[in-house]
Amino acid sequence: MKLIIADSYEAASLEASKILLEQIKENPSSHLGLATGSTPLKLYEYMVADFKENGTSYKDIKSFNLDEYFGLEGTHPQSYRYFMMENLFNHVDILPENIHVPAGQGDIQENCDAYNAMLATEGVDLQLLGIGSNGHIGFNEPGTPFTQVTHCIELEEGTRQDNARLFFDGNIDEVPTHAVTMGIKNIMDSKKVLLMAFGENKAEPIRVLVEGEVSVDVPASVLQNHPDVTIIIDKAAASKLTKK
Ligand code: GLP
C-alpha cells in the first residue's frame, strides 16, 4: 500500500490525475473503474483540462462506474450517470458505447448479473475509489461480505445524510434508500486501486484502512489485502494516523 499525504485537495487531485493519465498513456485502451461523489470532482476537472490542453485521448478507453442510485434514471441530475456525463464524459472523446454505469432501474437482478458478467469478461485495470465516512467503498456498506459482487443494497441513514449534504439540495428525503453497487469482490479483482479521501470526517475510516484490522465493519479495510493500492489523502484525512 502506497500512502501519499498531500498539502491540499488541489495537490492531491493533481497527483491522482497524473496516475490516471499515466495509466491512459501506458495503455490507451485501459479499462478504468470510475467513482462519483465530491471527492473526485477536482480530479475530473484536471482530466478535462488535460484533454483540452494535451489531447490525451479516451477513444479506446472503456469506463466502468462503481454504483448508481436505485430508482433514478440516467437523465436524473442526481444520478451517477448524469454526474459522470457532466463532470467528465461530455468533455472528453470517450465513445458512448464504452461508458458503463450500473442501471438503477428495470430488472435489478438481471442488470446486476449482466454487470458482473461484463466485469468478469472485461476486467478493470485501474479502479478509482472514494470512501464513505463509515468506511464504505462504492456503496458497500459495513457488513457487506467481501465475496459480494454487484448487487442492490439498502443505504445507511448516515450515508444518505452525507450525500444530502452536498447533493439533492440538502434534502435527505430526496436521497434514494437503495443503490446498485459493484461488490467488494469486483473491486478487489481490479489490477490497481487508487483511493482518495479528504477532510476530517474521513480520518477514522482512513485510520482503519491504513493501520486497523481488516473487517467487514469497515469495508475499505479489505484493501489491505489488495496487491496494488495507492491512497491519496489530505492532512485532515490523515489526522488519526498514528504510525508516521
Ligand atoms: C458515496 C459514493 C462513493 C463515494 C463516497 C464518498 O456515497 N457511493 O463512491 O466514494 O460515498 O462520497 P464523497 O466523495 O462525496 O465524500
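Our subject is the structure that appears above.
Residues numbered from 1 in each chain as written. Predicted model: local features only at pLDDT ≥ 70, side-chain atom pairs only at ≥ 80, totals over all residues. Heavy atoms only, no water.

## Some details on the sheet that holds strand E9 (residues 192-197)
(1) Moving on: Within the open sheet, the 7 strands sit side by side as E1-E10-E9-E6-E2-E3-E5. Their pairing is parallel. A single partner strand is all that each edge strand has here, and the edge strands are strand E1 (2-6) and strand E5 (99-100).
(2) Moving on: Here E1 runs beside strand E10 (residues 229-234); their pairing, made up of 5 bridges, is parallel. Within E10, the residue paired with Ala 6 across the bridge is Asp 234.
(3) Moving on: Along the sheet, helix H4 (residues 108-122) contacts strand E2 (31-34), strand E3 (62-65) and E5; its crossing angle with E3, the most-contacted strand, is approximately 135°. (Pairing = 2+ DSSP bridges. Helix = DSSP H or I, 4+ residues; strand = E, 2+ residues; numbered from the N terminus. Contact = heavy atoms within 4.5 Å. Axes fitted to C-alpha atoms, helices over the stretch in contact; angles between N-to-C directions.)

## A short note on the sheet that holds strand E7 (residues 151-154)
(1) Moving on: Here we have 3 strands laid out as an open sheet, ordered E4-E8-E7, and antiparallel in their pairing. Since the sheet does not close on itself, it has two edges, and those belong to strand E4 (67-69) and E7, each with one partner. With strand direction ignored, the average angle separating the axes of adjacent strands in the sheet is 25°.
(2) Moving on: Strand direction decides the pairing type here: E7 and strand E8 (residues 178-181), joined by 4 bridges, are antiparallel. The partner of His 151 across the bridge, within E8, is Thr 181.

## Regarding the pattern of salt bridges
(1) Moving on: Evaluation of the coordinates by the stated rule reveals 9 salt bridges.
(2) Moving on: For Glu 204, the salt bridge goes to Lys 240, with nearest N and O atoms at 3.9 Å. Of this pair, Glu 204 sits in helix H7 (residues 203-211) while Lys 240 sits in the segment after E10, placing them 36 residues apart in sequence.
(3) Moving on: Because the salt bridges share partners, they merge into one network encompassing Glu 204, Arg 207 and Lys 240. (Salt bridge = Lys/Arg side-chain N within 4 Å of Asp/Glu carboxyl O.)

## Points about the nonpolar core
(1) Moving on: In terms of nonpolar packing, the biggest core is built from 56 residues, with Leu 88, Leu 195, Ile 206 and Leu 223 touching the most fellow members.
(2) Moving on: Excluding residues within four positions of it along the chain, Leu 88 makes contact with Leu 34, Tyr 44, Met 47, Val 48 and Phe 83.
(3) Moving on: Core analysis: the second largest hydrophobic core is formed by 10 residues, Tyr 80, Phe 139, Ala 164 and Ala 179 among them. (Core = buried A, V, L, I, M, F, W, Y, C linked by side-chain atoms within 4.5 Å. Buried < 20%, exposed > 50% of the residue type's maximum accessible area, 1.4 Å probe, protein only.)

## With respect to unusual backbone geometry
(1) Moving on: Located in the positive-phi region is Phe 168, a residue other than glycine, with phi close to 55°.
(2) Moving on: By the secondary structure assignment, Phe 168 is in the loop between helix H5 (157-166) and E8.
(3) Moving on: Taking the relative accessible area as the measure of exposure, Phe 168 reaches 4% and is therefore buried.
(4) Moving on: At Asp 169, a residue that is not glycine, the phi angle is positive and equals roughly 50°.
(5) Moving on: For Asp 169, the location among the structural elements is in the loop between H5 and E8.

## Considerations on the site of the ligand
(1) Moving on: Close to the ligand lie Gly 37, Ser 38, Thr 39, Asp 67, Tyr 80, Gly 130, Ile 131, His 136, Gly 138, Phe 139, Asn 163 and Lys 202, which account for all nearby residues.
(2) Moving on: A distance of 3.4 Å is found between an oxygen atom of the ligand and a backbone nitrogen or oxygen belonging to Ile 131.
(3) Moving on: A distance of 2.6 Å is found between an oxygen atom of the ligand and a side-chain nitrogen or oxygen belonging to Lys 202.
(4) Moving on: If the ligand stood free it would expose 390 Å²; the protein chains cover 93% of that surface. (Near = heavy atom within 4 Å. Polar contact = N/O pair within 3.5 Å; in protein donor to acceptor, adjacent residues only side chain to side chain. Areas by Shrake-Rupley, 256 points an atom, 1.4 Å probe, with all protein chains shown as cover.)

## What about H4?
(1) Moving on: The first and last C-alpha atoms of H4 sit 21 Å apart over 15 residues, in line with the 21 Å expected at 1.5 Å per residue.
(2) Moving on: Every buried residue of H4 is listed here: Ile 108, Cys 112, Tyr 115, Asn 116, Met 118 and Leu 119. Buried residues along H4 cover an arc of 160° about the axis, so they all sit on one side. Opposite the packed face of H4, turned more than 90 degrees from it, sit the exposed residues Gln 109, Glu 110, Ala 120 and Thr 121.
(3) Moving on: Looking at the buried residues of H4, the elements they touch are E3, E5, E7, E8 and helix H6 (184-188).
(4) Moving on: Where H4 starts, the residue carrying a side-chain oxygen 3.3 Å from the main-chain nitrogen of Gln 109 turns out to be Asp 107. (Expected span 1.5 Å × (residues − 1). Arc of directions from axis to C-beta.)

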